[in-house]
Amino acid sequence: MASPASAEKMGFAGQVMDKESFKDFEDLTDMQRVMEVTKLAWPECLENSELNKAKACEALIDKELAAMNLSFDVYTIILYTRTFDCPTAHAWVIPINDDGMCVGKYRDGRLFYEYEWCVDEEVELTDPNAIKESQKLIKPSKWTELIASNPSVSCLDVDQDGDLDAWHKKALETIGGDYQIACSDYETYLDKKAEIEAQGPIVHKGCQRLPEFNCKGLSGVDACKLVKQMVPYPNTDGKNLECYLQYLPDSPIHDQMYRDLRKIGEEPKTRVIILAKKETDQVIATPLMKGPGARLGKQ
């Protein structure tokens with residue numbers, strides 16, 4: 001019987017695997033083990049000027065993946081940086097930690113919205129079809145819908161008006177990304193809510209930059225509630241400010257998501273993500289393989 005140490009010697013891991021990864025390794029046939037992942041990153045897409053274009057990088061990766069003869073499918077995806085005119089530009093991205101608490105873009109609690117918010121009329125969106133259209137591309141992930149929504153999390157409705165409890169119940173219909181319901185620090189939430197109510201809407205007819213928002217002490221879900229309260233009017237495209245929550249890239253919860261989905265028969269896809277700048281088509285980060293198939297070849 002193979003051991004984690006022997007798996008490491010065969011090049012499947014740069015460190016001893018966890019229990020789940022080693023079980024996957026044990027379940028492979030000898031031929032599958034030999035044919036498993038031999039490469040997880042493509043730094044040459046950053047270092048080589050000829051490969052620095054997203055399509056050229058994609059062609060290289062697809063060619064090398066085909067040569068690996070892997071026992072599972074790997075999908076190559078180009079993700080372009082957002083621009084003001086992309087269909088999801090109306091979503092405010094909210095990074096969260098493993099506990100579902102907002103940490104901000106630089107892990108210091110500060111949130112930023114990249115673009116101007118332009119308003120035709122200071123009137124809230126009430127048409128159900130228009131609201132649905134605004135949320136159309138901002139959806140919770142499969143893990144959020146099938147796994148994270150099941151545990152019952154009860155947070156104290158500190159102001160006792162019922163709105164916070166109601167918000168938590170409908171979060172899955174209004175927030176996109178990977179997340180779970182979490183409870184804010186109560187005093188922080190009440191202080192922020194009072195400040196926003198006293199200030200009123202921060203957007204008016206015309207175009208304006210949204211100020212940074214300090215979310216320290218707030219859950220990601222509650223931070224979303226408050227920024228939407230600050231920006232109640234739709235933009236000139238008829239879309240509300242929506243929220244997209246995501247765990248930090250280096251969070252161990254991503255591996256947990258793969259395990260959770262596999263347990264219920266929802267096999268997650270293994271992907272190589274190519275991040276590129278929309279305006280120039282240039283690759284701006286080392287493409288990495290992500291997903292359950294990449295775990296056996298972890299460095």
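About the cut-offs
Residues numbered from 1 in each chain as written. Predicted model: local features only at pLDDT ≥ 70, side-chain atom pairs only at ≥ 80, totals over all residues. Heavy atoms only, no water. Pairing = 2+ DSSP bridges. Helix = DSSP H or I, 4+ residues; strand = E, 2+ residues; numbered from the N terminus. Axes fitted to C-alpha atoms, helices over the stretch in contact; angles between N-to-C directions. Contact = heavy atoms within 4.5 Å. Buried < 20%, exposed > 50% of the residue type's maximum accessible area, 1.4 Å probe, protein only. Salt bridge = Lys/Arg side-chain N within 4 Å of Asp/Glu carboxyl O. Disulfide = S-S within 2.5 Å.

(A) Layout of the pairing of strand 8 (residues 242–247). Bridging between strand 2 (residues 91–96) and strand 8 involves six bridges; their strand directions are parallel. Looking at strand 8, one finds that Trp92 is bridged to Cys243. Strand direction decides the pairing type here: strand 5 (residues 175–177) and strand 8, joined by three bridges, are parallel. Within the sheet, the bridge partner assigned to Gly177 lies in strand 8 and is Leu245.

(B) Main features of the sheet that holds strand 2. In spatial order, the strands read 2-8-5; together these three strands make up an open sheet with parallel pairing. Strands at the two margins of the open sheet, each flanked by one partner only, are strand 2 and strand 5. Within this sheet the neighbouring strands show an average axis-to-axis angle of 30 degrees, counted without direction. Across the sheet, helix 8 (residues 163–174) lies against strand 5 and strand 8, angled at about 55 degrees from strand 5, the strand it touches most.

(C) Spatial organisation of the environment of Ser134. With respect to the element layout, Ser134 can be found in helix 6 (residues 128–135). According to the relative accessible area criterion, Ser134 is buried, its value standing at 1%. Spatially, the C-alpha atoms of Ser134 and Thr88 are 9.2 Å apart, while their sequence positions differ by 46 residues. Ignoring anything within four residues of it in the chain, the contact list for Ser134 reads His90, Lys239, Asn240 and Glu242.

(D) Summary view of the sheet that holds strand 9 (residues 270–276). Taken together, the three strands give an open sheet; going across it, the order is 1-9-10, and neighbouring strands pair in mixed fashion. Looking at which strands have only one partner, the edges of the open sheet turn out to be strand 1 (74–80) and strand 10 (288–290). Across the sheet, the mean angle separating the axes of adjacent strands is 30 degrees when strand polarity is ignored. In this sheet, strand 10 lies alongside strand 9 in antiparallel orientation, the contact comprising three bridges. Across the sheet, the residue bridging to Val272 is Met289, located in strand 10. The sheet strands contacting helix 5 (residues 54–68) are strand 1, strand 9 and strand 10, and the helix crosses strand 1 at an angle near 170 degrees.

(E) Geometry of the pattern of salt bridges. Counted by the stated rule, this structure contains twelve salt bridges. Between Arg107 and Asp250 there is a salt bridge, and its shortest N-O distance comes to 3.3 Å. Of this pair, Arg107 sits in the loop between strand 2 and strand 3 (110–111) while Asp250 sits in the loop between strand 8 and helix 11 (253–263), placing them 143 residues apart in sequence. Assessed through its relative accessible area of 54%, Asp250 is described here as exposed. Two residues, Arg262 and Glu267, come together in a salt bridge whose shortest N-O distance is 3.3 Å. Through salt bridges with shared partners, a single ionic network connects Lys39, Glu44 and Glu64.

(F) Quick look at the side chain of Asn240. Within the secondary structure, Asn240 is located in the loop between helix 10 (220–230) and strand 8. Residue classification places Asn240 among the buried positions, given a relative accessible area of 13%. Apart from residues no more than four positions distant in its own chain, Asn240 is found in contact with His90, Trp117, Leu125, Ile131, Ser134, Pro232, Tyr233 and Pro234.

(G) Region of interest: the state of the cysteines. A complete count under the given rule lists five disulfides for this structure. Disulfide pairing is shown between Cys45 and Cys57; the S-S distance is 2.1 Å. Note on the Cys45 and Cys57 pair: the S-S dihedral is about 90 degrees, so by sign convention the disulfide is right-handed. Of this pair, Cys45 sits in helix 4 (residues 44–47) while Cys57 sits in helix 5, and the two are twelve residues apart along the sequence. Residue Cys45 shares its accessibility class with Cys57, and that shared class is buried. Disulfide pairing is shown between Cys102 and Cys215; the S-S distance is 2.0 Å. Across the disulfide from Cys102 to Cys215, rotation about the S-S bond amounts to roughly -80 degrees, and the bridge is consequently left-handed. Placement of Cys102 in the loop between strand 2 and strand 3 and of Cys215 in the loop between strand 7 (213–214) and helix 10 is noted, with a sequence separation of 113 residues between them.

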